[in-house]
Amino acid sequence: MSAPPAGDLLTLDAAAQNLLFRAARTANTFTGEPVPDEQIRAIHDLIRHGPTGFNSQPLRIVLMRSVAARQRLLPHLSERNRAKTATAPLVAILAADTAFHEHLPRIFPHRPGIKDRLDADPAGREAQARFNAALQIGYLIVGIRAAGLAAGPMAGFDPAGVDAEFFPNGRLRSLLVVNIGRPGPDAWADRLPRLAHDDVVRTV
Ligand SMILES: Cc1cc2nc3c(=O)[nH]c(=O)nc-3n(C[C@H](O)[C@H](O)[C@H](O)COP(=O)(O)O)c2cc1C
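Presented here is a report on the structure given in the accompanying data block. This structure is a prediction, so every number in the text was calculated from the model and none was measured.

What counts and what doesn't
Residues numbered from 1 in each chain as written. Predicted model: local features only at pLDDT ≥ 70, side-chain atom pairs only at ≥ 80, totals over all residues. Heavy atoms only, no water. Helix = DSSP H or I, 4+ residues; strand = E, 2+ residues; numbered from the N terminus. Buried < 20%, exposed > 50% of the residue type's maximum accessible area, 1.4 Å probe, protein only. Near = heavy atom within 4 Å. Polar contact = N/O pair within 3.5 Å; in protein donor to acceptor, adjacent residues only side chain to side chain. Areas by Shrake-Rupley, 256 points an atom, 1.4 Å probe, with all protein chains shown as cover. Arc of directions from axis to C-beta. Contact = heavy atoms within 4.5 Å. Axes fitted to C-alpha atoms, helices over the stretch in contact; angles between N-to-C directions. Parallel < 35°, antiparallel > 145°, perpendicular 65-115°, else oblique. Left-handed = near helix turned anticlockwise from the far one by under 90°. Nonpolar A, V, L, I, M, F, W, Y, C, P; charged D, E, K, R; others polar.

### Here's the deal with unusual backbone geometry
Stage number 1. Despite not being glycine, Phe54 shows a phi value in the positive range, around 35°.
Stage number 2. Take Phe54: it is sitting in the loop between helix H2 (37-47) and strand E1 (59-64).
Stage number 3. Of the residues examined, Phe54 reaches a relative accessible area of 19% and is grouped as buried.
Stage number 4. Of note in the backbone geometry, Gln57 takes a positive phi value of approximately 50° without being a glycine.
Stage number 5. Mapped onto the secondary structure, Gln57 falls in the loop between H2 and E1.

Rendered as structure tokens:
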């Protein structure tokens with residue numbers, strides 16, 4: 001865990017910094033402790049405030065706990081992602097709603113023309129849906145950590161297979177599968193190095 005930069009430049013207290021980022025890890029095993037619906041509701045109530053382009057909020061979440069639901073998902077996951085997804089307390093498919101613009105008259109009412117423009121532009125709409133849902137996935141992972149839980153995000157799956165199985169009408173596009181729960185004692189490999197500020201940031 002790297003030390004915070006010198007000085008008190010971040011408003012968030014050190015314990016919260018650790019919970020959300022510095023000590024937080026991607027979990028690969030979980031305890032059997034369940035993740036109740038109310039906890040997901042509380043996480044969603046927090047992260048729904050994260051910003052999206054024209055307030056579009058295209059992320060959709062499908063939760064699965066039952067063995068039957070997981071059996072529909074597991075064949076579409078890469079081999080190395082199957083065992084942990086079969087045993088995690090909660091599994092979520094995160095998807096982009098390509099018809100998110102239907103909600104715009106309610107959630108972005110001051111620019112009524114955008115819905116009609118997006119109606120006529122399915123490719124642009126899908127690009128917007130994917131980009132903004134991906135932003136919301138970032139908020140969701142941090143929100144899961146804020147609840148004292150760990151997330152195990154996985155892009156290693158066949159999106160066409162998941163979409164055919166779970167979203168046959170074509171409106172939703174799967175982006176990521178995430179295991180959620182309390183991390184098990186052997187949840188982690190060593191933390192991989194992160195790029196430094198000067199590798200990433202430049203001022204022009
Ligand atoms: C978008 C995304 C896709 C990922 N896909 C997989 C995956 O398919 N299988 C897997 O085991 N880990 C996957 N990971 C986990 C990353 O390898 C992990 O989050 C990263 O190495 C950082 O680990 P740390 O949080 O423990 O430091 C994925 C993570 C993200 C954010």
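Continuing now.
### As for the site of the ligand
Stage number 1. Taken together, 14 residues sit near the ligand, with Arg25, Thr26, Asn81, Lys84 and Arg191 positioned nearest.
Stage number 2. A distance of 2.9 Å separates a nitrogen atom of the ligand from a polar atom in the backbone of Ala155.
Stage number 3. In the model, an oxygen atom of the ligand is placed 2.6 Å from a nitrogen or oxygen of the Arg191 side chain.
Stage number 4. Contact with the protein chains hides 67% of the accessible area of the ligand, taken as 640 Å² for the molecule alone.
Stage number 5. The set of elements that each furnish at least two residues to the shell around the ligand consists of helix H4 (79-87) and strand E3 (150-154).

### Examining H4
Stage number 1. Every buried residue belonging to H4 is among Asn81, Lys84 and Thr85, and all of these are buried. One face of H4 carries all of its buried residues, which in axial projection span an arc of 100°. Opposite the buried face of H4, at more than 90 degrees from it, the exposed residues are Glu79, Ala83 and Thr87.
Stage number 2. Elements in contact with the buried residues of H4: helix H3 (67-73), strand E2 (90-97), E3 and strand E4 (172-181).

### As for the packing of helix H1 (residues 14-22) against helix H7 (residues 122-146)
Stage number 1. In the contact formed by H1 and H7, the axes pass within 8 Å of each other and the chain directions differ by 130°. Classed by the angle they form, the pair H1 and H7 counts as oblique. For the pair H1 and H7, the sense of crossing is right-handed. Where H1 abuts H7, its residues Leu19, Leu20 and Phe21 lie against Val142, Arg145 and Ala146.
Stage number 2. Within the contact of H1 with H7, the residues separate by chemical class into 5 nonpolar, no polar and 1 charged.

### Let's talk about H1
Stage number 1. Along H1, the residues that are buried comprise Ala16, Gln17, Leu20 and Arg22. Each buried residue of H1 sits inside an arc of 150° when the element is viewed along its axis, so together they form one side.
Stage number 2. Tucked into the core, H1 has its buried residues touching H7.
Stage number 3. Structurally, the start of H1 carries an N-cap: the backbone nitrogen of Ala15 is 3.0 Å from a side-chain oxygen of Asp13.

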